Amino acid sequence: MDKNVRICIVGGGPAGLSAGMYLEQKGYENYTILERLDRVGGKCWSPTYNGRRYEMGAIMGVPSYYAVHDVEEFCGITHDGPKLNRNYKNKEGKVIEPFEPKKNILKIPRLLRMKKQVKKLGELLETKYKGYDLNGHRGVAEGRYEGFSQASAKREPVKGENPNLKDLCLPFKEFCKLNGVDLIQDIWIGPFTSFGYGYFDEIPAAYVLKYLDFQTCMNFVKINLWTWKNGTQYIWEQLNDHLKHPARLNSKIEKVERKDGKVFVTVNGAVEEYDKIIVTAPLYIPNKRTDGQVGMVDYFDAREDEKALFSKIDYERYDVLAVETKPEDHPEISYYVFENMTPETMGHLMVYYRRWKDTKDQVITTYALRKHKGTPEIPYEACKKTVLEDLKIMKNPASNVVNEWSVYYFPHVFSEDYAAGWYDKVEAMQGKYDTFYAGEIMSFGDMDETAEYSRELVERFF
Ligand SMILES: Cc1cc2nc3c(=O)[nH]c(=O)nc-3n(C[C@H](O)[C@H](O)[C@H](O)COP(=O)(O)OP(=O)(O)OC[C@H]3O[C@@H](n4cnc5c(N)ncnc54)[C@H](O)[C@@H]3O)c2cc1C
């Protein structure tokens, strides 16, 4: 492609900013990033409280976050945040140690079986499901893999046939049953459901295992995790500062028209002309949101194939509260409440995070899900009330709510559409209408998968 091509990037989150970085590194400098808000970072939102930054969005990374590491190197920063740690409570607020055989003598047989199944899954992923852990979803529904190896920072191109990969279209619960590894869900659920990515009986295994590939899950188990002192937002603020063309904030895109090989973008009342457009913002939002966010199909001259495919996208209703407590009520550590991570206990507190160990004058953040496929959504206020009640049960009552966020979270398609080749159809549309689709839906809802997808998009098409 001509290096002077004029590229518009919609969205100044990890996907949009890293698209800018990778384009720049490849010699494409004629790009413009349009961000609707007055800040960059998207779901990496780290506000300040009592002089320190806390996390309303993304919190952590793992050592295989190669794209995030590219960004760190580009900006000369590193993961210098407080060490993560956690403990467990039951839903009555009692501290428990679910994985400690000595404290759970009756559970020893189950724990031993679980250990065996973890090993078995590790082997299956290496052999039967070879190619499962590539970024993005190209070929999976057709029993192929195609992309760049995530085994090392080099990301060598790889490609092959593997009909077993079609099993990844199944909901994760069914995938585990099929492979005789049901008990591994007790481990995978921690960094999956409580992190807002939905329930295992509804979410295709592909999403679960591409994000929580075997190594990544073991890093969670061993708490081999990265955080950033100034918050995850700082990564993207730094990147924005180091780009030749930082994102244009407060950009309200009213209309996008694609005609005669050009892309006309009406932003803040003026029409701008580009040659290509990369969309990292939501493609489709099935309901009306109070934050005013809409899907790309609502402001683009969306074509029939775009509308038909993107209308299959759903997202999670995931709520975050930042609360103050009295010093005597502050939790000594972060807690997971596994019993609240089931569809039956939807709307309850699943995890709460104490970020700063050295002080009690900081907020803690709470996390709850309030939607499950096929059941009515729990209203926002009802869920908030339940979570605040749960904090009392946990003996860490909140004295005040200082921030709250119900975020457009983890866009995905369900098994039927995944198996019907949703991803291959959308991938085949890349570049058609001078438009490229990136961001969470194309890979997975975490910082690294989205930044990595942008890297690969630039590698493949520019
Ligand atoms: C509570 C929470 C916890 C999380 N924890 C982690 C974690 O620990 N580790 C991890 O890796 N990830 C985590 N994530 C997920 C991670 O933050 C996201 O996956 C990542 O930010 C996605 O990047 P993105 O650029 O694709 O989308 P986003 O971050 O959503 O960015 C999209 C950007 O597009 C902008 N935009 C939207 N519409 C328009 C428009 N019409 N015009 C212009 N701009 C527009 C938005 O304002 C936003 O800035 C978490 C997220 C949340 C909310």
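Described in the following lines is the structure provided in the data block. Fair warning: this is a prediction, and the values are worked out from it, not measured in the lab.

## Points about the overall build of the protein chain
Link 1 in the chain: Within the protein chain, the secondary structure is distributed over 14 helices and 18 strands.
Link 2 in the chain: Taken along the three principal axes of its C-alpha coordinates, the protein chain extends 70 × 50 × 45 Å.
Link 3 in the chain: For the protein chain, contacts bridging at least 24 residues in sequence account for 72% of all contacts bridging at least 6.
Link 4 in the chain: Here the protein chain displays about 19,100 Å² of accessible surface, and carbon together with sulfur accounts for 51% of that area.
Link 5 in the chain: The distance from the centre of the 65 positive side-chain charges to the centre of the 69 negative ones in the protein chain is 4 Å.

## Regarding empty space enclosed by the protein
Link 1 in the chain: Evaluation of the coordinates by the stated rule reveals two cavities of 30 Å³ or more.
Link 2 in the chain: Volume-wise, the largest cavity comes out at about 50 Å³.
Link 3 in the chain: Lining the largest cavity, in full, are Asp 319, Val 320, Leu 321, Thr 366, Ala 368, Tyr 380, Cys 383, Lys 384 and Val 387.
Link 4 in the chain: In terms of residues, the lining of the largest cavity owes the most to one element, helix 11 (residues 380–393), which gives four residues.
Link 5 in the chain: Classifying every residue of the lining of the largest cavity by side-chain character gives six nonpolar, one polar and two charged.
Link 6 in the chain: Volume-wise, the second largest cavity comes out at about 40 Å³.
Link 7 in the chain: Considering the residues around the second largest cavity, the lining is formed by Gly 131, Leu 134, Gly 136, His 137, Arg 138, Val 140, Arg 144, Tyr 145, Glu 146, Leu 165 and Lys 210.
Link 8 in the chain: Top element by residues in the lining of the second largest cavity is strand 7 (residues 144–148). It accounts for three residues.
Link 9 in the chain: Here the lining of the second largest cavity is built from residues that sort into four nonpolar, three polar and four charged.

## Details of helix 2 (residues 66–75)
Link 1 in the chain: Among the residues making up helix 2, those that are buried are Tyr 66, Ala 67, Val 68, Val 71, Glu 72 and Cys 75.
Link 2 in the chain: Buried residues in helix 2 make contact with helix 1 (14–25), helix 8 (232–242) and helix 14 (447–461).

## Some words on the packing of helix 2 against helix 14
Two numbers describe a pair of packed helices, the interaxial angle and the distance between the axes.
Link 1 in the chain: Across the interface, helix 2 lies against helix 14 with an axial gap of 7 Å and an inter-helix angle of 80°. Classified by the angle their axes make, helix 2 and helix 14 are roughly perpendicular. Of helix 14, the residues touching helix 2 (which contributes Tyr 66, Ala 67, Val 68 and Asp 70) are Met 447, Asp 448, Ala 451, Glu 452 and Arg 455.
Link 2 in the chain: Partitioned by chemical class, the residues of the contact of helix 2 with helix 14 number five nonpolar, no polar and four charged.

## Comments concerning the site of the ligand
Link 1 in the chain: The local shell around the ligand holds 35 residues, among which Glu 35, Lys 43, Met 60, Tyr 65 and Glu 440 are the closest.
Link 2 in the chain: In the environment of the ligand, a nitrogen atom lies 3.1 Å from a nitrogen or oxygen atom belonging to the side chain of Tyr 299.
Link 3 in the chain: Protein coverage of the free-state accessible area of the ligand, which is 990 Å², stands at 95%.
Link 4 in the chain: Of all the secondary-structure elements, those providing two or more residues to the shell around the ligand are helix 1, strand 13 (314–324), strand 17 (400–412) and helix 14.

## Side note on the pairing of strand 9 (residues 253–259)
Link 1 in the chain: Bridging between strand 9 and strand 10 (residues 262–267) involves six bridges; their strand directions are antiparallel. Looking at the pairing, Lys 259 lines up with Lys 262 of strand 10.
Link 2 in the chain: Two successive antiparallel strands, strand 9 and strand 10, enclose a turn made up of two residues, where Asp 260 displays a positive phi of approximately 55°.

Rules and cut-offs
Residues numbered from 1 in each chain as written. Predicted model: local features only at pLDDT ≥ 70, side-chain atom pairs only at ≥ 80, totals over all residues. Heavy atoms only, no water. Helix = DSSP H or I, 4+ residues; strand = E, 2+ residues; numbered from the N terminus. Contact = heavy atoms within 4.5 Å. Areas by Shrake-Rupley, 256 points an atom, 1.4 Å probe, with all protein chains shown as cover. Lys, Arg positive; Asp, Glu negative; His and termini not counted. Charge placed at Lys NZ, Arg CZ, Asp CG, Glu CD. 1 Å grid on protein atoms, 1.4 Å probe; cavity = no way out; pocket = protein on both sides within 12 Å on 5 of 7 lines; lining within 4 Å. Points joined across faces, edges and corners; volume = space filled by probe spheres on them. Nonpolar A, V, L, I, M, F, W, Y, C, P; charged D, E, K, R; others polar. Buried < 20%, exposed > 50% of the residue type's maximum accessible area, 1.4 Å probe, protein only. Axes fitted to C-alpha atoms, helices over the stretch in contact; angles between N-to-C directions. Parallel < 35°, antiparallel > 145°, perpendicular 65-115°, else oblique. Near = heavy atom within 4 Å. Polar contact = N/O pair within 3.5 Å; in protein donor to acceptor, adjacent residues only side chain to side chain. Pairing = 2+ DSSP bridges.

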